[in-house]
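# Report on the structure
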Amino acid sequence: MTTLPISTSPAVSPLEAHLDFIRAQFPALDSPWAFFDNAGGSQVLRGVAERVSDYLLSTSVQLGASYAVSQEASARVAAGVAAAAHYIHAADSREIILGGSSTQLVANLASSMGEFLKAGDEIIVTDTDHEANVGAWTRLESRGIRTLIWKVNTQTLHLDLDTLGTLMTPQTRLVCFTHVSNVLGTINPVPEITRFVHERGAKVFVDGVAYAPHRMVDVQAWDVDFYLFSWYKVYGPHISLLFGKLGHLLELPSINHFFISPEAAAYRLQPGNLNYELTYSLTGVTEYMSALQSRLGVDDLGGVFDAFAAHEALLAKRLLEYLATKPSVRVIGHPSADSSVRVDTISFVVDGVASSDLPKFLDGQHVAVRYGHFYAYRLIEALGLDQTEGVVRVSMAHYNTLAEVDRLIAGLEAFGL
Ligand SMILES: Cc1ncc(COP(=O)(O)O)c(C=O)c1O
C-alpha cells in the first residue's frame, strides 16, 4: 500500500453556510443517528418523497392515453427521464434506461450482449467490482464468451493500465470496471481508461454506483459507452440508471416485445413499464441540485459537486488523520483525503478485532457504520480480508458534518481503538 502524506484541504467547507438548509432537505437527518452508511443507501430528499406521494395520489393512471390525467402522468414521467439525462449530461433522453436496481440493469444488458457477441469474443471484468458488474458477464461463458479478470495491484490497491494492456486482445469487446470501488473509495481515471480501451477497439461499461453521489457524472466528456448507478444512493428513490450511447443501444438485440419500435432505444433494454412515481420523483433530485447551485452562486452542476468534493475532503481528512494515529488500524484504500484521489468512503481493519465488533458497539452510540464484503467479494478475498469478516466501512455524504465525524471518533475511542 502507498503511504502518501495526507493532503491539505480548505480549512473551511464551502458548504458550511448551507448545511442547515442542506440537512433540512433530508427529513430523516432530524434523528439521533449519525448516518455513515451512505454507500449502502443515502437519505432521501423531501422533494423526492413528496413527488412519489403526489404522483400516486393524483396521477396514478396508465401513460399515453388521450385523457388529460394520462397526459399529465406521461409528462411527469418524461420529466423524470429528462432530469436523469440532465444529471449525467447525456445528449439524448433515449439513452436513459431505468430499472429496479443496478444489478438488474447489468443483467438486462448482459442478456442482450450475450446474443450480440459470438463465441470466442472476450469481456474483461475486475476483481475490485461489486459482483453486479462481474457475475452477469462471467455467466456469458456458457455461450462461449470468455471473461478475463483485471486484477487489483495488491500493493498499491490500484487497477494498473499496464495489466489491462496485457489482457486485451483483438477479441476483446468490452471492459467492465468500477469508477470507484465501494470498499476502497479510490477514483479510477475513467477518461484515461476509456481512451485506452477505445484505442484497442473495445467498449467500456463503467459502474458509477459509488461515484455518482459524490462527483459530477459527464458521460459525454468521458466518452463512455455504458454507465450505471443507483438513485437510492444519490438522494433519490430505489431505482437505477443505465446510460448507453444511442448508437450502441440501437445495434443491440432487444429484450423487449417484438413490436416495440426499434427507435425507442432505451425500451430495447427496459422490458415492461418504468416505475412511474419513482421516475417522476427524480425531478426532486435535480431541483435540489439547482437550489444548491443558486445558493452557492456557482455556474453549473459541476460547481455544486466541486463544493461537495471540498466538504467531503474535510470529513475524510478528519477521520483519516485520526485513524493514522492508531497503530492497530490499517486503512484499506488510499490514505490521502485528496478529493481528486478518493471519495469519502473509508474502509479499515483493526488488528485482532473482528470487523463485526465495531459497528455493533457504535450502534449503542447511534452512529451507523457497517462491516462486511459489500458484495465486492472478490476484492475482499484478493486482499485476504475474508478471515476478518471483511472491513469496517464508514461512508459519508455531503450532508454529514465534522461534528458527526467527531461523534464517530469519540465512539471509536470509547471502543478502545
Ligand atoms: C459499487 C456498486 N455497484 C453496484 C451495486 C448494486 O446496486 P443495486 O443494489 O442497485 O443492484 C452496489 C450496491 O451496493 C454498489 O455499491
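Values in this document were obtained by computation on a predicted structure and should not be read as measured data.

### Some points on the sheet that holds strand E5 (residues 172-178)
Read across the sheet, 7 strands follow the order E2-E8-E7-E6-E5-E3-E4 without closing on themselves; strand pairing throughout is mixed. Each of the sheet's edge strands pairs with one partner strand only, and the pair in question is strand E2 (96-99) and strand E4 (146-150). Within the sheet, the average angular offset between the axes of one strand and its neighbour, ignoring direction, is 20°. Judged from the 3 bridges that link them, strand E6 (residues 203-207) and strand E7 (residues 226-230) form a sheet pairing that is parallel.

### Quick word on the nonpolar core
In this structure, Ile88, Tyr227, Phe229 and Trp231 are the most contacted members of the largest nonpolar core, which totals 71 residues. Looking at this core element by element, the count peaks at 9 residues for helix H10 (residues 276-296). Both domain 1 (16-44 + 299-415) and domain 2 (49-286) contribute no fewer than three residues apiece to this core. Ignoring any residue separated from it by four or fewer positions in sequence, one finds Trp231 in contact with Ala84, Tyr87, Leu98, Gly236, Pro237, Ile239, Ser240, Leu241, Leu282 and Val285.

### Some details on unusual backbone geometry
A positive phi angle, near 60°, is found at His89, a position not held by glycine. Structurally, His89 can be placed in the loop between helix H3 (68-88) and E2. One non-glycine residue, Glu389, adopts positive backbone phi at about 65°. Here Glu389 is to be found in the loop between helix H13 (377-382) and strand E13 (391-395).

### Comments concerning the pattern of salt bridges
Scanning all chains against the criterion turns up 20 salt bridges. Between Arg393 and Asp37 there is a salt bridge whose closest N-O contact spans 3.7 Å. With Arg393 in strand E13 and Asp37 in the loop between strand E1 (34-35) and helix H2 (46-58), this pair connects stretches of sequence that are 356 residues apart. Residue classification places Asp37 among the buried positions, given a relative accessible area of 18%. Linked through salt bridges whose partners overlap, the residues forming this network are Asp37, Arg370 and Arg393.

### Observations regarding the domain arrangement of the protein chain
Once the domains are mapped, the protein chain shows domain 1 (16-44 + 299-415) and domain 2 (49-286). Each of domain 1 and domain 2 has a C-alpha centre, and the two are 26 Å apart. Residue-level contacts link 40 residues of domain 1 with 34 residues of domain 2. Between domain 1 and domain 2, a total of about 2900 Å² is buried, with carbon and sulfur atoms accounting for 60% of that surface. Across the domain 1-domain 2 interface, the total number found is 2 salt bridges.

Rules used in this analysis
Here the residue numbering is sequential within each chain, running from 1 through the sequence in written order. In keeping with the predicted nature of the model, local features appear solely for residues at pLDDT of at least 70, side-chain atom pairs appear and are counted solely at 80 or more, and the whole-chain, interface and lining totals rest on all residues. Side-chain figures throughout are based on the complete set of non-hydrogen atoms in the structure, without hydrogens or water. Pairing between strands is defined by DSSP: at least two bridges between the two strands are required. A run of DSSP states H or I qualifies as a helix once it reaches four residues; a run of E qualifies as a strand once it reaches two. Both are numbered from the N-terminal end. The axes used here are C-alpha line fits, helices contributing only the stretch in contact, and every angle between their N-to-C directions lies in the interval 0 to 180 degrees. Side-chain atoms within 4.5 Å are what join buried Ala, Val, Leu, Ile, Met, Phe, Trp, Tyr and Cys residues into a set we call a nonpolar core. Each residue is placed in one exposure class: buried if its accessible area under a 1.4 Å probe, protein chains only, is under 20% of its type's maximum, exposed if it is over 50%, and partly exposed if it falls in between. Residue ranges assigned to each domain were obtained from an automatic or database domain assignment. Only heavy atoms matter for contacts: two residues are in contact if any of them lie within 4.5 Å across the pair. Salt-bridge detection follows one rule: a side-chain nitrogen of Lys or Arg within 4 Å of a carboxyl oxygen of Asp or Glu. Buried area: the sum, over both parts, of the accessible surface (1.4 Å probe) that disappears when the two are put together.

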